[in-house]
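# Structural characterization, general
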Amino acid sequence: MAKTLTQAEHDRISAAIRKAETNTAGEIYCVVARSSDSYFFSAALIVLAVILCLSLLIALALDFWWLEVRVPVFVGAQALASVMALCLIYWMPSLRLLLVPRRWQYMRANDNALRQFLSRNVHLTEQRTGVLIFVSMAERYAEILADAGINCKVSQDLWDRVVADLIEMARKDRLGDGFVSAIDSVAEVLTLHFPRRSGDVNELDDHLVEI
């Protein structure tokens, strides 16, 4: 799959992380996901539920107007409609996002952010000062996850403001600039609360990961 960001943008983000970590004991890790779920099963559940409800309404209408439809024909029509709908959402992934509620999408993206936080070992830094900057493109979702050592000193409101700026830049097709700006903002906070100490070592890779 093609990269979400160009190589030049990857290089800028890596340089921003390295620069940020020269003044702090904190560790910054960046991940961008094209999507946090296929949403096929979620969309299929919604589509089948709609077909079932419509079938019930049609059956009631037929009964009201004293119209008779043979059971095999009615069930066959249901099955055909279900198969066609499932094929449609299978071949049109973009349609799934239109069917799945935004709340479900944000839940999937948040789950993915937590998985990345743990799988990338952001939670295993010596002083518990790891920060994950996460973006999921399909859901238009961004989040900053900070480890326990940082959360006890930094309020969520501050991270929310950084995330809002990142999302705004992403909407303007400036995702690379958004990451660099977010890294700089996170670095200011980390430098204030966790200045670099002698003997500090780099515990996490200084680059953005695309998944």
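Report on the accompanying structure. Quick caveat: nothing in here was measured; it's all calculated off a predicted structure.

How each quantity is defined
Residues numbered from 1 in each chain as written. Predicted model: local features only at pLDDT ≥ 70, side-chain atom pairs only at ≥ 80, totals over all residues. Heavy atoms only, no water. Pairing = 2+ DSSP bridges. Helix = DSSP H or I, 4+ residues; strand = E, 2+ residues; numbered from the N terminus. Axes fitted to C-alpha atoms, helices over the stretch in contact; angles between N-to-C directions. Contact = heavy atoms within 4.5 Å. Phe/Tyr/Trp six-rings, centres within 6.5 Å; stacked < 30°, edge-to-face > 60°. Buried < 20%, exposed > 50% of the residue type's maximum accessible area, 1.4 Å probe, protein only. Patch = residues over 30% accessible without salt bridge, like charges linked within 9 Å, V, L, I, M, F, W, Y side chains within 5 Å. Areas by Shrake-Rupley, 256 points an atom, 1.4 Å probe, with all protein chains shown as cover. Salt bridge = Lys/Arg side-chain N within 4 Å of Asp/Glu carboxyl O. Expected span 1.5 Å × (residues − 1).

Now for the sheet that holds strand β2 (residues 130–136). Taking strand neighbours across the sheet as the criterion, the four strands line up as β3-β2-β1-β4 in an open arrangement whose pairing is mixed. What marks the edges here is a single partner per strand, and that holds for β3 (141–146) and β4 (208–210). Strand after strand, the sheet turns through a mean of 15 degrees between neighbouring axes, direction not considered. Pairing analysis gives three bridges linking strand β1 (residues 27–33) to β4, with the strands arranged parallel. Paired with V32 across the strands is E210, a residue of β4. In the packing of helix α7 (residues 156–171) onto the sheet, contacts are made with β2 and β3, and the angle to β3 comes to roughly 150 degrees.

On to the packing of aromatic side chains, then. By the definition in use, this model includes five aromatic pairs. Seen in terms of ring centroids, F40 and F41 are 5.5 Å apart; in terms of plane orientation they differ by 80 degrees. Their pairing is edge-to-face. A relative accessible area of 68% means that F41 is categorised as exposed. Between Y90 and W91, the aromatic rings sit 5.1 Å apart at their centres with planes inclined by 90 degrees, giving edge-to-face as the arrangement. We classify Y90 as partly exposed; its relative accessible area is 48%. Put simply, the rings of F40, F41, Y90 and W91 pair up and form one aromatic cluster.

This part takes up a nonpolar patch on the surface. A contiguous nonpolar patch, built from V50, L54, L56, L57, I58 and L60 and spanning about 580 Å² of accessible area, is present on the exposed surface. By the secondary structure assignment, V50 is in helix α2 (residues 40–64). V50 sits in the partly exposed class, given a relative accessible area of 44%.

Right, let's get into helix α8 (residues 175–193). Compared with an ideal rise of 1.5 Å per residue, which puts 19 residues at 27 Å, α8 spans 27 Å between its outermost C-alpha atoms and is within 8% of the ideal. Buried within α8 are the following residues: L175, G176, G178, F179, V180, A182, I183, V186, A187, V189 and L190.

Turning our attention to the side chain of E143. Position of E143 among the secondary structure elements: in strand β3. Dropping the residues within four chain positions of it, E143 is found in contact with N110, A113, L132, I133, F134 and V163.

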